[in-house]
Amino acid sequence: MATKNMKRGKTDESSSSSVIAAEKMPVLPLGLFVPLERKKGVQSIAWEDYEFTVPKPIVEMKHIVHDFVPFEIEVPVKPPFRVLRFDLDVEKIKIEHSSNGLLLCQGQKKMIVQHRRAIAYKYYVYNPSINQFTTLPNPEYYLKSKHLGMTIAYDPSKSPHYKIIFVSSQGSDIRFGTSYMIEIYSSETQTCKPIFPFTLDEEYDIYFAGGVYWNNAVHWHHDSGFILYFKLDKEVLGHMYCPFHLLGVSHERYCGYMYESRGRLLVVEIPHPPDNVRYKIHELKKDYSGWIMKYRVDLEQVSRSFPEIISTTYRAADGSGFFHYTLLSLVLGEKDEDSFLVLQIPKKAIRFNIVSRTCHKLLDFTGEPRSIRSFDFDGIYVHKPNTFQFAESLCSV
């Protein structure tokens, strides 16, 4: 059974009705959390009305500090936290995934087991808007085997309940490929159970921590342009390919990103420098029958407002500088002309309007952003986003 720890006030029928009505409204993201790299030495972190100090050496630093990148330019949003400290029993809490205002987190605590060092893990769902969290039951297969990733699936317009999808590796065979297990936790039943074993060819080392929830399914994107998805209602797997793959473009020539925004699944395939200034955004049809070209992106004008986006370290054959940036998010507006990208450039996060091609600074980072996770798959390094959207939610976890 899941355990709960919460701060909750009294409610009456009218306020409960307001909560239900609010949760049925579309959830609009207010910004995203970006973890910062750990610093050597003493780091003083302001958090609400007090400060705490993390002493050196670096191995003793327990807390992950986040910068919050707001999406709105004129209406500032105060982030609910910079450091996650809702469970004092663990030494470190990090965000693993987010969905419509809920954060899926992992807690870590060092232990000595049979005279050997080990790490004990705890998993939580946390709603920072109401400062409430629940501790999840331990997934059996996930803890006993190689952790590959977990995803929270929550759509308040369809249900007050959420699901957690855990994916673990169960070993590989040169003849049959790699075996995996999907376990699902349901907040409705408060149980976690293994539900779906499957096998993939070894060429598809998928980053299962980067799941995107859309159309009642969780989608995972492979660098080759292969998309694997798991339908939660039917408990079946499906797959398809991104536009560049269908065109025969080598995955070594571009980097692919996948996002959900306003009920749509979008893929951004950005060519490697120096060709990363212009590219397209495609939207997946809801029946998975194909792709629709949604936007053409042209970042040329960004260098006029933010010349630091041009790298002085790496240059093309003609001597021109490369555009050096990281795509943090894609947000669709109510109208097409309101849609924008969030880019990380040196020391800043900026907002780029796709249609008008205007750009604005959103944040000066207080440290070095760790907006990309790098993983070693048998000598092949994979780089994936490490940012987490935040939206206000009244959901009780």
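A. Spotlight on the overall build of the protein. Regarding its fold elements, the protein presents 4 helices and 30 strands. Counting only carbon and sulfur atoms, one obtains 50% of the accessible surface of the protein, whose full area is about 20700 Å².

B. Local environment of the confidence of the model for the protein. Here the protein averages 82 in pLDDT, and 81% of its residues register 70 or above. For the stretch residues 41-61, pLDDT sits under 50, and the model shows 39 contacts to residues farther than four places along the chain or on other chains. With pLDDT under 50 throughout, residues 376-381 is counted as low confidence; its partners more than four residues away or in other chains account for 7 contacts.

C. Representation of the pattern of salt bridges. Across all of its chains, the model carries 12 salt bridges by this definition. As a salt-bridge pair, Lys-122 and Asp-87 come within 2.8 Å of each other at their nearest N and O atoms. Of this pair, Lys-122 sits in strand S8 (residues 116-127) while Asp-87 sits in the loop between strand S5 (66-70) and strand S6 (92-99); the two residues are 35 residues apart in sequence, bridging distant segments of the chain. Overlapping salt bridges bring together Asp-87, Asp-89, Lys-109 and Lys-122 as one network.

D. Structural view of the sheet that holds S5. Ordered in space as S5-S2-S30, the 3 strands form an open sheet in which the pairing is antiparallel. Lying at the two open borders of the sheet, with one neighbouring strand each, are S5 and strand S30 (388-390). Geometrically, the sheet is characterised by an average inter-axis angle of 30 degrees between neighbouring strands, direction not taken into account.

E. Representation of the nonpolar core within the structure. Core analysis: the largest hydrophobic core is formed by 26 residues, its most contacted members being Val-268, Ile-281, Leu-299, Tyr-325 and Leu-341. Of all the secondary-structure elements, those providing two or more residues to this core are strand S18 (254-261), strand S19 (264-271), strand S20 (278-284), strand S21 (291-298), strand S24 (326-331), strand S25 (340-345) and strand S26 (348-353). By size, the runner-up hydrophobic cluster in this structure holds 20 residues, among which are Ala-153, Ile-165, Phe-196 and Ile-206.

F. How the structure looks around the sheet that holds S19. Strands sit in the order S18-S19-S20-S21 across an open sheet of 4 strands; the sheet is antiparallel. The sheet terminates laterally at S18 and S21, the two strands that pair on one side only. Geometrically, the sheet is characterised by an average inter-axis angle of 25 degrees between neighbouring strands, direction not taken into account. Bridge count between S20 and S21: 7 bridges; the pairing is antiparallel. By the bridge assignment, His-282 is partnered in S21 with Met-293.

What counts and how
Residues numbered from 1 in each chain as written. Predicted model: local features only at pLDDT ≥ 70, side-chain atom pairs only at ≥ 80, totals over all residues. Heavy atoms only, no water. Helix = DSSP H or I, 4+ residues; strand = E, 2+ residues; numbered from the N terminus. Areas by Shrake-Rupley, 256 points an atom, 1.4 Å probe, with all protein chains shown as cover. pLDDT = per-residue confidence, 0-100. Contact = heavy atoms within 4.5 Å. Salt bridge = Lys/Arg side-chain N within 4 Å of Asp/Glu carboxyl O. Pairing = 2+ DSSP bridges. Axes fitted to C-alpha atoms, helices over the stretch in contact; angles between N-to-C directions. Core = buried A, V, L, I, M, F, W, Y, C linked by side-chain atoms within 4.5 Å. Buried < 20%, exposed > 50% of the residue type's maximum accessible area, 1.4 Å probe, protein only.

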